Amino acid sequence: MAGPGAGLKVATPRPPADIDSRDRMIVALDRPTPEAAMEVVVRLGDVASFYKIGMELIYAGGLGLLERLVARGKKVFLDTKLLDIDNSVAGAVRSLADSGAVMATVHAYPAAMRAAVAAKPAGSDLALLGVTVLTSMDDADIAAAGYAGTVRDLVARRAADARAAGIDGIVASATEAAEIRRVVGPDLLIVTPGIRPAGAEAEDQKRVATPAAAIAAGADYLVVGRAITSSDDPAGAAENILHGIEAGLAAR
Ligand code: C5P
């Protein structure tokens, strides 16, 4: 089926260098209700083409938005953050494969990633992304969670594991994008949340970068939530992000 992900070739899911900048900006619809999320989509209009549906919305009945967004010609990233026993991860991926989403996430634990990759049907348009270390965590947070070493070490290790598992891409901070590219090679996607325009508050995020810095460091796609959705002028804030993407591409 030529679904909404037809533009993303799963064998090489990286976007071509000349895609429209707006197709590199994924707006995180972290809103409390589907209605509130649709309000953002309507206000953004043609400025945004790609949306992320994550936990807040999924548990508030927001999965139904997937079809509505696809019907409007938008691409959808389902931020499922899968981590479970292999059988459950595999079942989730089979359920997601025909959902119309073009990206979904699995935490970058080797067994979970292998189970996810093995379960994805051949020809599916779904790109599976491994979440390395949440952008809200710094060295102290991973130490508190029981890990030895630094965030950079753990990200590099998980990126190598993701590549070995055959996953399509990586979610990580832009501050590690260049190192990840070195580890995973040219074919895997790099998707970076933790994006803040210059001068904006980091809030709960700790490993942040500006849109221009993230793209210049090699990110393929940026995930941007509150910088757009909490703005009084979401379309203006999104245009500002797009200018940053263009500046980052020019600096590559
Ligand atoms: O509002 P903000 O731009 O910080 O939102 C970032 C989005 O990216 C959130 O939806 C969050 O769940 C997601 N995310 C992240 N860090 C990761 C993976 C996903 O912030 N490592």
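Read on for a plain summary of the structure. (Residues numbered from 1 in each chain as written. Predicted model: local features only at pLDDT ≥ 70, side-chain atom pairs only at ≥ 80, totals over all residues. Heavy atoms only, no water.)

Brief notes about the overall build of the chain
Phase 1 of the analysis: Summing up its helical and strand segments, the chain has 11 helices and eight strands in all.
Phase 2 of the analysis: For the C-alpha atoms alone, the extent of the chain along its principal axes is close to 40 × 40 × 35 Å.
Phase 3 of the analysis: The burial tally for the chain puts 51% of its 252 residues in the buried class.
Phase 4 of the analysis: Put simply, the chain shows about 10,800 Å² of open surface, and 53% of that area lies on carbon and sulfur atoms. (Helix = DSSP H or I, 4+ residues; strand = E, 2+ residues; numbered from the N terminus. Buried < 20%, exposed > 50% of the residue type's maximum accessible area, 1.4 Å probe, protein only. Areas by Shrake-Rupley, 256 points an atom, 1.4 Å probe, with all protein chains shown as cover.)

Looking at the nonpolar core
Phase 1 of the analysis: In terms of nonpolar packing, the biggest core is built from 66 residues, with Met25, Leu69 and Ile228 touching the most fellow members.
Phase 2 of the analysis: Residues contacting isoleucine 228, with those up to four places away along its chain left out, are Met25, Val27, Leu44, Pro234, Ala237, Ala238 and Ile241.
Phase 3 of the analysis: In terms of nonpolar packing, the next biggest core, distinct from the first, is built from 14 residues, Ala28, Phe50, Val171 and Tyr221 among them. (Core = buried A, V, L, I, M, F, W, Y, C linked by side-chain atoms within 4.5 Å. Contact = heavy atoms within 4.5 Å.)

Side note on the packing of aromatic side chains
For any two aromatic rings, the description comes down to two numbers: the centre-to-centre distance and the angle of the planes.
Phase 1 of the analysis: Throughout the structure, instances matching the rule amount to one aromatic pair.
Phase 2 of the analysis: Between phenylalanine 50 and tyrosine 221, the ring centres sit 5.6 Å apart and the planes meet at 80 degrees, which makes this aromatic pair edge-to-face. Within this pair, whereas phenylalanine 50 is found in strand S2 (residues 50-53), its partner tyrosine 221 is found in strand S8 (residues 221-224), the two being separated by 171 residues in sequence.
Phase 3 of the analysis: Classification of tyrosine 221 as buried rests on a relative accessible area of 2%.
Phase 4 of the analysis: Seen from the ring of phenylalanine 77, lysine 52 lies directly overhead, with NZ or CZ sitting 5.9 Å from the centre. (Phe/Tyr/Trp six-rings, centres within 6.5 Å; stacked < 30°, edge-to-face > 60°. Lys NZ or Arg CZ within 6 Å of the ring centre and 35° of its normal.)

Any functional reading would require information that these geometric values do not contain.
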